[in-house]
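Residue-level structural notes
Here's the letter readout for the chains.
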Amino acid sequence: MTFHFKTGLLALALLGSTALGAVTAHAADKEISWIYCGDSIDPIHVKYIKQWEEKNPGWAVKPEVVGWEQCQDKATTLAAAGTPVGLAYVGSRTLKQFADNDLIVPIPMTDDEKKAYYPGIVGTVTFDGKQWGTPIAFSTKALYWNKDLFKKAGLDPEKAPTTWAEEIADAKAIKEKTGIPGYGLSAKTFDNTMHQFLHWVYTNNGKVIDGDKIVLNSPEVLAALQAYKDITPYSVEGPTAYEQNEMRAIFLDGKVGMIQAGSGAAARLKETKINWGVAPLPLGPSAKGQGTLLITDSLAVFKGSGVEDKAAEFAKFITSPGPQGEYELQGGAGLTPLRPSAKVDEFVKKDASWKPFIDGIAYGGPEPLFKDYKGFQNVMIEMVQSVVTGKAQPADALKKATADLEQYK
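Definitions and limits used
Residues numbered from 1 in each chain as written. Predicted model: local features only at pLDDT ≥ 70, side-chain atom pairs only at ≥ 80, totals over all residues. Heavy atoms only, no water. Helix = DSSP H or I, 4+ residues; strand = E, 2+ residues; numbered from the N terminus. Contact = heavy atoms within 4.5 Å. Domains from an automatic or database assignment. Buried area = accessible area lost by both parts, 1.4 Å probe. Salt bridge = Lys/Arg side-chain N within 4 Å of Asp/Glu carboxyl O. Polar contact = N/O pair within 3.5 Å; in protein donor to acceptor, adjacent residues only side chain to side chain. Nonpolar A, V, L, I, M, F, W, Y, C, P; charged D, E, K, R; others polar. Pairing = 2+ DSSP bridges. Axes fitted to C-alpha atoms, helices over the stretch in contact; angles between N-to-C directions. Core = buried A, V, L, I, M, F, W, Y, C linked by side-chain atoms within 4.5 Å. Buried < 20%, exposed > 50% of the residue type's maximum accessible area, 1.4 Å probe, protein only. 1 Å grid on protein atoms, 1.4 Å probe; cavity = no way out; pocket = protein on both sides within 12 Å on 5 of 7 lines; lining within 4 Å. Points joined across faces, edges and corners; volume = space filled by probe spheres on them.

The name given to the protein in an unreviewed UniProt entry is Multiple sugar transport system substrate-binding protein, and the organism recorded there is Rhizobium lusitanum.

Here's what the structure looks like:
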């Protein structure tokens, strides 16, 4: 099956309205238009846009703020129509699809630039040996647990589970001793259902795709899917009704024993009365070390804008260690630092809750790149849902998903 990407994009209806960015460009000979996802421009980006413009007379960066749900569709629709923006914020998962359809240009990294990132980051933007975006946001996950619920269940409130077996046993104890769900498993028809499962894959040394070969049907991934099945009875009832942020809200309300979530949950928990802890994700039997799914968003330079080189230069500047370090270490955004630095060490020293999110990087894995990312995502969601609802056994679901993925790679 061939996915007609450009045709499909041209058929998209842009929803909602967009707002012009808060940055007002000075009179300039040339402009770099930037689709900026969110509700408003981060003040740190405002600061560094101005700094870049001052160093590049005659050039202006014109951000257009577009809501999260519409921003990527708008950027891709404009590109497919032949009227691309210079730069856009996109999920790195889409880069292979964009590149395959000749909509973006590579943004090569030097060896020194690659080495500056934590392991695995560059892999999230690399396809056919080229880098197709500059990472601007990075997310990892850790395990949060409610210490009071652990204590009520007769568990050591200061000891988080370190293995899947312990995690399942702790979830069981909480559910049976307190009547409150022990674990928050998210399985809604939503992209982060796939992400939540991939965290389990990468805490058991598993993979989805290796080069162009689908390797999903492996003992490592089967063990992850079986663990999902095993923990479901002790999770929040009806997991297909929840995505991860909805599950986080349940945890913040003290109504579930454990969840896996990003660093933003810690910022929110500090405003509650919950007695909580955060630790690295528990490991499966084949794990070689702490792991997590490495998810990045990137700046992509679109082909045909006429300012590709300058847009790439700006993208590298705004995501360079100085500006990026300020942007990502603000707490509530839930971002994990992209690069090790003295500033990161300082943050970890002041607030130990940051440490698990960084510890998981070493054995983490990048979000798999497919030419039809939504097709890939839907197959993974269907696989997870079929197991947690009892419609399929893990081995059968895995075999079906592996076959279904062939058309999207």
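By the secondary structure assignment, histidine 195 is in helix 8 (residues 191–201). Taking the C-alpha atoms as reference points, histidine 195 and leucine 283, separated by 88 residues in sequence, lie 16 Å from one another. Contact partners of histidine 195, with chain neighbours within four places excluded, come to Arg93, Leu293, Ile295, Glu367 and Tyr373.

Looking at the assigned domains, one finds that the protein contains domain 1 (30–139 + 295–359) and domain 2 (142–291 + 370–406). Each of domain 1 and domain 2 was reduced to a C-alpha centroid, and the two centroids are 28 Å apart. Contacts between domain 1 and domain 2 engage 17 residues on the former and 22 residues on the latter. Of the roughly 1600 Å² buried between domain 1 and domain 2, counting both surfaces, carbon and sulfur atoms make up 59%. Taken as a group, Arg93, Lys96 and Phe357 account for 37% of the area that domain 1 buries against domain 2, more than any other trio of residues on that side. Its salt-bridge partner being lysine 96, residue aspartate 212 comes within 4.0 Å of it at the nearest N-O pair. If you look at where domain 1 meets domain 2, you find 4 residue pairs in polar contact (both at pLDDT 80 or more). Elements that contribute at least two residues to the side of domain 1 that touches domain 2 include exactly helix 4 (95–100) and helix 15 (355–359). Here the side of domain 1 that touches domain 2 is built from residues that sort into 6 nonpolar, 5 polar and 6 charged.

As a further point, take the sheet that holds strand 8 (residues 142–146). Ordered by their spatial adjacency, 3 strands build an open sheet running 11-8-12, and the pairing between neighbours is antiparallel. Lying at the two open borders of the sheet, with one neighbouring strand each, are strand 11 (258–261) and strand 12 (276–279). Averaged over neighbouring strand pairs, the angle between their axes works out to 25° when direction is ignored. Pairing of strand 8 with strand 11 involves 4 bridges; the strand directions are antiparallel. The residue bridging leucine 143 from the neighbouring strand is glutamine 260, located in strand 11. Those strands touched by helix 10 (residues 244–252) are strand 8 and strand 11, and its axis lies near 135° from that of strand 11.

Turning to its location among the elements, tyrosine 363 is positioned in the loop between helix 15 and strand 14 (365–366). For the pair tyrosine 363 and glycine 289, spaced 74 residues apart in the sequence, the C-alpha separation amounts to 5.8 Å. Ignoring anything within four residues of it in the chain, the contact list for tyrosine 363 reads Tyr202, Lys288, Gly289, Gln290 and Gly291.

Trp34 and Phe314 are the most contacted members of the largest nonpolar core, which totals 61 residues. Per-element tally for this core: the top contributor is helix 12 (residues 308–318), with 6 residues. Not counting chain neighbours up to four residues away, the residues in contact with phenylalanine 314 comprise Ile32, Trp34, Ile49, Trp52, Val61 and Leu87. Core analysis: the next-biggest nonpolar cluster, separate from the first, contains 51 residues, Ala160, Ala173, Phe376 and Tyr408 among them.

This brings us to empty space enclosed by the protein. By the definition in use, this model includes 1 cavity of 30 Å³ or more. Reported here for the largest cavity is a volume of approximately 30 Å³. If you trace the largest cavity, you find it lined by Gly184, Ser186, Gln196, Gln244, Met247, Arg248, Ile259 and Gln260. If you tally residues by element for the lining of the largest cavity, the top one is helix 10, at 3 residues. Grouping the amino acids of the lining of the largest cavity by side-chain chemistry returns 2 nonpolar, 5 polar and 1 charged.

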